[in-house]
Structures are given as structure tokens and as C-alpha cells.
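# Remarks on the overall topology
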Amino acid sequence: QVQLVESGGGLVQAGGSLRLSCAASGRTFSSYAMGWFRQAPGKEREFVAAINWSGGNTYYADSVKGRFTISRDNAKNTVYLQMNSLKPEDTAVYYCAADRTPKRSTVVTSTSGYEYDYWGQGTQVTVSS
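Anyway, here's the lowdown on the structure attached to this text. (Residues numbered from 1 in each chain as written. Predicted model: local features only at pLDDT ≥ 70, side-chain atom pairs only at ≥ 80, totals over all residues. Heavy atoms only, no water.)

## With respect to empty space enclosed by the protein
The full count for this structure, using the stated rule, is one cavity of 30 Å³ or more. Roughly 50 Å³ of volume is contained in the largest cavity. As for the largest cavity, its lining consists of Val2, Leu4, Ala24, Ser25, Gly26, Arg27, Phe29, Tyr32, Met34 and Ala98. If you list the elements that add at least two residues to the lining of the largest cavity, you get β3 (18-25) and β4 (32-39). Partitioned by chemical class, the residues of the lining of the largest cavity number seven nonpolar, two polar and one charged. (1 Å grid on protein atoms, 1.4 Å probe; cavity = no way out; pocket = protein on both sides within 12 Å on 5 of 7 lines; lining within 4 Å. Points joined across faces, edges and corners; volume = space filled by probe spheres on them. Helix = DSSP H or I, 4+ residues; strand = E, 2+ residues; numbered from the N terminus. Nonpolar A, V, L, I, M, F, W, Y, C, P; charged D, E, K, R; others polar.)

## Some remarks on the state of the cysteines
Working definition of a disulfide: a covalent bond connecting the sulfur atoms of two cysteines. Counted by the stated rule, this structure contains one disulfide. Put simply, cysteine 22 and cysteine 96 are joined by a disulfide, and their sulfur atoms are 2.0 Å apart. Classification of the bridge connecting cysteine 22 and cysteine 96 rests on its S-S torsion, roughly 50°, and on that basis the disulfide is right-handed. Residue cysteine 22 is located in strand β3, and its partner cysteine 96 is located in strand β9 (residues 92-102); the two are separated by 74 residues in the primary sequence. For cysteine 22, a relative accessible area of 0% puts it in the buried group. A relative accessible area of 0% places cysteine 96 in the buried class. (Disulfide = S-S within 2.5 Å. Buried < 20%, exposed > 50% of the residue type's maximum accessible area, 1.4 Å probe, protein only.)

## Remarks on the pattern of salt bridges
Any two side chains of opposite charge can pair, on the condition that their charged atoms come close. Enumeration according to the criterion identifies six salt bridges in this entry. In this structure, arginine 104 engages aspartate 99 in a salt bridge whose closest nitrogen and oxygen atoms are separated by 2.7 Å. Taking relative accessible area as the criterion, arginine 104 reaches 22% and is therefore assigned partly exposed. Overlapping salt bridges, with partners in common, bring together Arg38, Glu46, Arg67 and Asp90 in one network. (Salt bridge = Lys/Arg side-chain N within 4 Å of Asp/Glu carboxyl O.)

## Some points on the sheet that holds strand β8 (residues 78-83)
Spatially, four strands are ordered β1-β3-β8-β7 in an open sheet, and the strand pairing comes out antiparallel. Every other strand in the sheet has two partners, leaving β1 (3-7) and β7 (68-73) as the edge strands with one partner each. Ignoring which end each strand starts from, the neighbouring axes of this sheet average 15° apart. Pairing geometry for β7 and β8, over six bridges, is antiparallel. Following the sheet pairing, aspartate 73 is matched in β8 by threonine 78. (Pairing = 2+ DSSP bridges. Axes fitted to C-alpha atoms, helices over the stretch in contact; angles between N-to-C directions.)

## A few points about the packing of aromatic side chains
Scanning the entire structure with this criterion turns up five aromatic pairs. A centroid spacing of 5.4 Å and a plane angle of 80° characterise the contact between phenylalanine 37 and tyrosine 116, whose relative ring orientation is edge-to-face. Here phenylalanine 37 is found in strand β4, whereas its partner tyrosine 116 is found in strand β10 (residues 116-119), with 79 residues between them in sequence. What links up through ring pairs into an aromatic cluster is the set Phe37, Phe47, Tyr59, Tyr116 and Trp119. Over the aromatic face of tyrosine 32 sits the side chain of arginine 27, whose NZ or CZ is 3.6 Å from the ring centroid. For the cation-ring pair, arginine 45 lies above phenylalanine 37, with the distance from its terminal atom to the ring centre recorded as 5.4 Å. (Phe/Tyr/Trp six-rings, centres within 6.5 Å; stacked < 30°, edge-to-face > 60°. Lys NZ or Arg CZ within 6 Å of the ring centre and 35° of its normal.)

Nothing here speaks to function; it is all geometry.
Okay, structure coming up:
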């Protein structure tokens with residue numbers, strides 16, 4: 001059984017930074033693309049960023065492009081989301097997710113979440129103004 005455990009969330013002032021981590025276990029982490037999503041209260045889940053299995057390709061939502069960076073350390077079975085210049089509208093529960101297809105040839109650009117078959121429990125990020 002695959003487990004994804006997020007950490008690193010918290011309360012930060014606007015303009016600040018946080019780094020989220022997602023530790024994976026249960027299958028060969030390095031063979032699967034990963035993604036980050038978020039959900040704010042009363043809103044639908046929103047795609048944030050994706051990274052392919054090797055870490056060589058990334059994809060971002062327009063709302064975070066230039067501020068957030070997704071990366072992975074396959075030796076540590078961990079994917080990261082570095083969030084800089086945070087805004088109040090970034091406040092949400094952030095979830096990591098694992099691709100259902102091993103060694104997909106391209107980074108997942110679909111934002112629906114359908115390509116991901118395992119999800120973490122989420123970590124809260126709150127940005128105060």
C-alpha cells in the first residue's frame with residue numbers, strides 16, 4: 001500500500017516562504033510522477049504543480065508560476081514544494097499525489113487529478129495579510 005505523508009505547512013505572513021515535503025513509501029517512488037494540489041475552504045481542488053518521474057520536467061499552474069518550485073529527491077523518496085512570495089489566496093490544504101502510470105514519458109499536464117491514484121492526507125497552509 002502506497003503512503004504519502006505531507007509536512008511543512010503552517011502559518012506565514014504574506015510575502016513569506018514555506019517548503020512542503022511529501023514522503024512516499026510502498027512502491028518504487030522514483031518510477032512515478034508526482035503532483036501537488038490544493039483546496040481552499042468552499043472551493044474545488046486546484047492543481048498546483050507536477051514533476052515527472054526523473055525530476056527533469058515540471059509543470060505549474062499559472063497562479064503559482066514564478067513563485068513555487070516543485071522538486072524531488074528520489075534517494076529520499078520525497079517530493080518538495082518550495083513556496084515563495086506567498087499570498088493570502090494561497091491559503092489552502094495542500095495535497096501531494098502519485099501518478100498511476102510508472103515512468104510516464106511526459107510530465108502530467110492534466111489538472112483534473114485523474115492521473116493520480118494515491119493522495120496524501122494534506123497539510124494546512126495559511127497566509128495572513
